[in-house]
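# Topology and contacts: notes
One letter stands for each residue in the lines below.
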Protein chains: 2
Amino acid sequence: MAGKPAWATPTSVDPENACPIGPVVDIVFSRWTTPILWSLNEHGRQRFVELERRIATITPKVLTQRLRQLERDGLVVRTYYPEVPPRVEYEISELGRSLAPLFAHLAEWAAGNLGQVEQARRDYDTQPGR
Amino acid sequence: MAGKPAWATPTSVDPENACPIGPVVDIVFSRWTTPILWSLNEHGRQRFVELERRIATITPKVLTQRLRQLERDGLVVRTYYPEVPPRVEYEISELGRSLAPLFAHLAEWAAGNLGQVEQARRDYDTQPGR
DNA sequence: CGGTATCCCCTACGATACTG
DNA sequence: CAGTATCGTAGGGGATACCG
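Counting of residues starts from 1 at the beginning of each chain's written sequence and follows it residue by residue. Lettering for chains starts from A, numbering for ligands starts from 1, and both go in the order in which the items are written. Given that the model is predicted, a residue must reach a pLDDT of at least 70 before its local features are reported, and side-chain atom pairs must reach 80 or more before they are shown or counted; all residues, however, enter totals for whole chains, interfaces and linings. As a rule here, side-chain values cover all heavy atoms of the structure and leave hydrogens and water aside.

All right, on to the protein's contact with DNA strand C then. Any residue with a heavy atom lying within 4 Å of a molecule or strand is counted as near it. DNA strand C sits among 19 residues. The nearest are Val 49, Arg 78 and Tyr 90 of chain A together with Lys 61 and Arg 66 of chain B. Sugar and phosphate atoms represent 73% of those atoms of DNA strand C found within 4 Å of the protein. In this structure, a phosphate oxygen belonging to DNA strand C sits 3.0 Å away from a side-chain N or O atom of Arg 68 of chain A. In the model, a base oxygen of DNA strand C is placed 2.4 Å from a nitrogen or oxygen of the Lys 61 of chain B side chain. Runs of H or I in DSSP of at least four residues are treated as helices and runs of E of at least two as strands, each being numbered from the N terminus. Among the elements of the structure, helix H4 (48-55), helix H5 (60-72) and strand E3 (87-92) of chain A together with helix H4 (60-72) of chain B are those that each provide at least two residues to the surface near DNA strand C. Lys, Arg, Asp and Glu make up the charged group, whereas Ala, Val, Leu, Ile, Met, Phe, Trp, Tyr, Cys and Pro make up the nonpolar group; the residues left over, Gly among them, are polar. By residue class, the composition of the surface near DNA strand C is 9 nonpolar, 2 polar and 8 charged. In the analysis that follows, any N or O atom pair within 3.5 Å is treated as a polar contact, provided that within protein one partner can donate a hydrogen and the other can accept it, and provided that, for residues neighboring in sequence, both atoms belong to side chains.

Here the focus is the sheet that holds strand E2 (residues 76-81) of chain A. All names here are of chain A. Sheet architecture is open: 3 strands sit in the order E1-E3-E2, paired in antiparallel fashion. Edge strands, defined here as strands with exactly one partner in the open sheet, are strand E1 (46-47) and E2. If DSSP finds at least two bridges between two strands, the strands pair. Taken together, the 6 bridges between E2 and E3 define a ladder with antiparallel strand orientation. Residue pairing in the sheet places Tyr 81 in a bridge with Arg 87 of E3. By definition, residues are in contact when any of their heavy atoms lie within 4.5 Å. Axis definition: a line fitted to C-alpha atoms, over the contacting stretch in the case of helices. Angles run 0 to 180 degrees between N-to-C directions. Contacts from helix H3 (residues 33-43) reach E1, E2 and E3 within the one sheet, and its direction differs from that of E3 by about 90°. Across the sheet, H5 touches E2 and E3, and the angle it forms with E2 is around 110°.

Further remarks concern the interface of chain A and chain B. In this assembly, 52 residues from chain A lie in contact with 51 residues from chain B. In this description, buried area is defined as the sum, over both parts, of the accessible area (probe of 1.4 Å) that is lost when the two are combined. When chain A packs against chain B, the two sides together hide about 5,000 Å² of surface, and 73% of this comes from carbon and sulfur. On the chain A side of the interface with chain B, the three residues burying the most area are Trp 38, Arg 72 and Trp 109 of chain A, jointly 15% of the side's total. By definition, a salt bridge exists where a carboxyl oxygen of Asp or Glu is found within 4 Å of a side-chain nitrogen of Lys or Arg. If you look at where chain A meets chain B, you find 4 salt bridges. Between Arg 121 of chain B and Asp 73 of chain A there is a salt bridge, and its shortest N-O distance comes to 2.5 Å. Here chain A is connected to chain B by 9 residue pairs in polar contact (both at pLDDT 80 or more). Residue assignment for the side of chain A that touches chain B shows that the elements contributing at least two residues are helix H1 (15-18), helix H2 (22-28), H3, H4, H5 and helix H7 (100-126) of chain A. The element contributing the most residues to the side of chain A that touches chain B is H7 of chain A, with 18 residues.

Put into structure tokens, the structure is as follows:
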């Protein structure tokens, strides 16, 4: 990154640079990833059907997609047992588990502030003239 | 397994959303919200064009949509000055600012672990037979 | 069991105007 | 300046069926 002088303050930057947490949000908070990671962290090693049943509204196609993505990102470990019938188990990786405090932080914020968000919505929606 | 993980909330878990942080993720980490909140938190009060220029790749339509949503959720305060030409300023609310430690936590995780994610991706992609 | 393969729909988003 | 209005599209899921 030695091309740009430090004094060259850009008037605009691409979203990645505009927000340092952009990339990590894409990785951790893309759709379905939080229920999956949460389930694996809370209930430990699970088979495909267990996850499918626990998340309930997810389709097998999407569950596969998200699990592959999480595996590729190193957040989930997939283990295949060549038995009959075949068995596959998913577990959260060490890297994935390192997200636990972050998730706890998020849950804590939710517990303390979600009510305010809901109240704000009610207030906003009852404003006359919208 | 070692009992209850740190991120498990005692509040009843919705069987639909097998994940207590589902709602808060929708509020805080839906598309474009993090760059907007980050910008408002980092650079203070800003007018519409300032945000537009800073985020650069966002269109005015979408910026409006997201700002309205954030306003409705009580994370952003919109102030309209009926001047000629009109002036509108956006600032992060107290509730929105309460997300700052969370964002910092996220940035910290990213700084420490994003490299591992990228390495995991490289490893995964260089596996033969995919 | 643990997935693919297809088809299809919906809507979030982008592009391009235009206005008070 | 601070937005709307309108149109068009891509692709992320859902539903269903099928395979090793």
